[in-house]
Amino acid sequence: MAKLRQDTLFAFHIVDMLGQPSGMGSHLTARLPGSETFLFHVHNFGFGEVTPDLIHEADFELNVLSGKNIDINPTLHIHTRIYTARPDVTCILHTHAKHVTALSATGQNITVLTQGGARLYDECVLFDEDDGVALGKEPGSAMAKALGDRSCMVLKNHGLLTAAPSIPAAVILADTMEKEAEIQLMAMTAGALSPPSADGSKRTKEYLINEKMFGRGWTFLLRKLAARKPEVMHM
């Protein structure tokens, strides 16, 4: 539990460091192993503001189990419905990443164009979220159904969502989505897209999308966080 809380804290600040803070509109949760509860941060605080006392536990009905008078984001049923449908998922992240949002406004999904982006090959779902703010369980259930067994979702006119077996995977997949969307937008201004072969992307994905590689990437991000915000490492 202590390590999960620590990794959750680090994740908030890493996503902020990577340039996806999204004001107060982002949310990241981490499911407690083998349970129907998760860690979340108090609503109306940005990722870069999160301290250990702002991380609390809630159940799948959004009842806060730690602390009193704690504000919880009412849209977190997006997370509870995905967790319910996907026992393999332990971390969900949503941001309004700039380039993913811009790409989504064209009605297009992410196209894998680079080797690093191959993590996303056959992994991204484009979801037309046309009902506005996702309140209640129904929108979350629709997202869970659309996501299926994949890990990444482009929310039309809105941003991104990742649902992964670990905190490092959820964060790194979100970073990959934003970087690949930026490359795609740049390439679209120059001409027609010319993605790598399906076989090549599949082979690269097999190499990149595993916990060993996510662990390496996470360690790199922790070093960057320690250099930029050393105080977070000692909270």
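It should be emphasised that the depicted structure is a prediction, and the values quoted were computed from it without experimental measurement. (Residues numbered from 1 in each chain as written. Predicted model: local features only at pLDDT ≥ 70, side-chain atom pairs only at ≥ 80, totals over all residues. Heavy atoms only, no water.)

**Student:** Please explain the overall build of the protein as it appears in this structure.
**Tutor:** A tally of helices and strands in the protein yields seven helices and seven strands. Along the protein, helices (α) and strands (β) appear in the sequence α-β-β-β-α-β-α-β-α-β-β-α-α-α when read from the amino end. A globule of 235 residues ought to have a C-alpha radius of gyration of about 18 Å, and the protein, at 17 Å, matches this closely. By residue count, 50% of the 235 residues in the protein fall in the buried class. (Helix = DSSP H or I, 4+ residues; strand = E, 2+ residues; numbered from the N terminus. Rg over C-alpha atoms; globule rule 2.2 N^0.38 Å. Buried < 20%, exposed > 50% of the residue type's maximum accessible area, 1.4 Å probe, protein only.)

**Student:** I'm lost on the packing of aromatic side chains in this one. Help?
**Tutor:** A ring pair, where both rings are aromatic, is described by two values, the distance of the centres and the angle of the planes. What the rule picks out here adds up to five aromatic pairs. Considering the side-chain rings of F38 and F60, the 6.2 Å spacing of their centres and the 40 degrees angle between planes classify their relative orientation as tilted. With a gap of 22 residues between them, F38 in strand β2 (residues 37-41) and F60 in the loop between β3 (55-59) and α2 (77-85) connect regions that are remote in the sequence. The pair formed by F38 and F60 is uniform in burial state, with each residue classed as buried. (Phe/Tyr/Trp six-rings, centres within 6.5 Å; stacked < 30°, edge-to-face > 60°.)

**Student:** What is the right way to look at the pattern of salt bridges in this model?
**Tutor:** If charged atoms from side chains of opposite charge come close, those side chains can pair. Summed over all chains, the structure comprises six salt bridges. Linking R86 and D88 is a salt bridge whose minimum nitrogen-to-oxygen distance equals 2.9 Å. Under the relative-accessibility criterion, R86 is labelled buried at 9%. (Salt bridge = Lys/Arg side-chain N within 4 Å of Asp/Glu carboxyl O.)

**Student:** Can you walk me through the sheet that holds strand β1 (residues 27-31) in this structure?
**Tutor:** Strand-to-strand pairing in sheets goes through backbone hydrogen bonds, with the strands running parallel or antiparallel. Strand order across the open sheet formed by seven strands is β3-β2-β1-β4-β7-β6-β5, with mixed pairing between neighbours. The open sheet has two edge strands with one neighbour each: β3 and β5 (124-127). Recorded for the sheet is a direction-independent mean angle of 20 degrees between the axes of neighbouring strands. Strand direction decides the pairing type here: β1 and strand β4 (residues 91-95), joined by four bridges, are antiparallel. (Pairing = 2+ DSSP bridges. Axes fitted to C-alpha atoms, helices over the stretch in contact; angles between N-to-C directions.)

**Student:** Is there a simple way to think about the packing of helix α5 (residues 167-190) against helix α7 (residues 211-228) in this case?
**Tutor:** Helix-helix packing is described using two parameters, namely the angle between the two axes and the distance between the axes. The N-to-C vectors of α5 and α7 enclose an angle of 75 degrees; their axes lie 9 Å apart at closest approach. As summarised for this structure, α5 and α7 are arranged roughly perpendicular, according to the angle between their axes. Here I167, P168, A169, V171, I172 and L173 of α5 lie close against α7, whose contacting residues are E211, F214, G217, W218 and L221. Of the residues that constitute the contact of α5 with α7, the class distribution is nine nonpolar, one polar and one charged. (Parallel < 35°, antiparallel > 145°, perpendicular 65-115°, else oblique. Contact = heavy atoms within 4.5 Å. Nonpolar A, V, L, I, M, F, W, Y, C, P; charged D, E, K, R; others polar.)

**Student:** Can you walk me through helix α4 (residues 137-147) in this structure?
**Tutor:** Structurally, the α-helix is built with 3.6 residues per turn, so residues lying three or four positions apart point the same way. For α4, the complete set of buried residues consists of G140, M143, A144 and L147. Along the axis of α4, the buried residues cluster in a sector spanning 100 degrees; they form a single face. Exposed side of α4, more than 90 degrees from the buried face: E138 and K145 are the residues found there. On its buried face, α4 is in contact with α2, β5, β6 (152-155) and β7 (159-164). Remark: G148 follows α4 within two positions and exhibits a positive phi of approximately 60 degrees. (Arc of directions from axis to C-beta.)

Any link to function would need more than the numbers given here.
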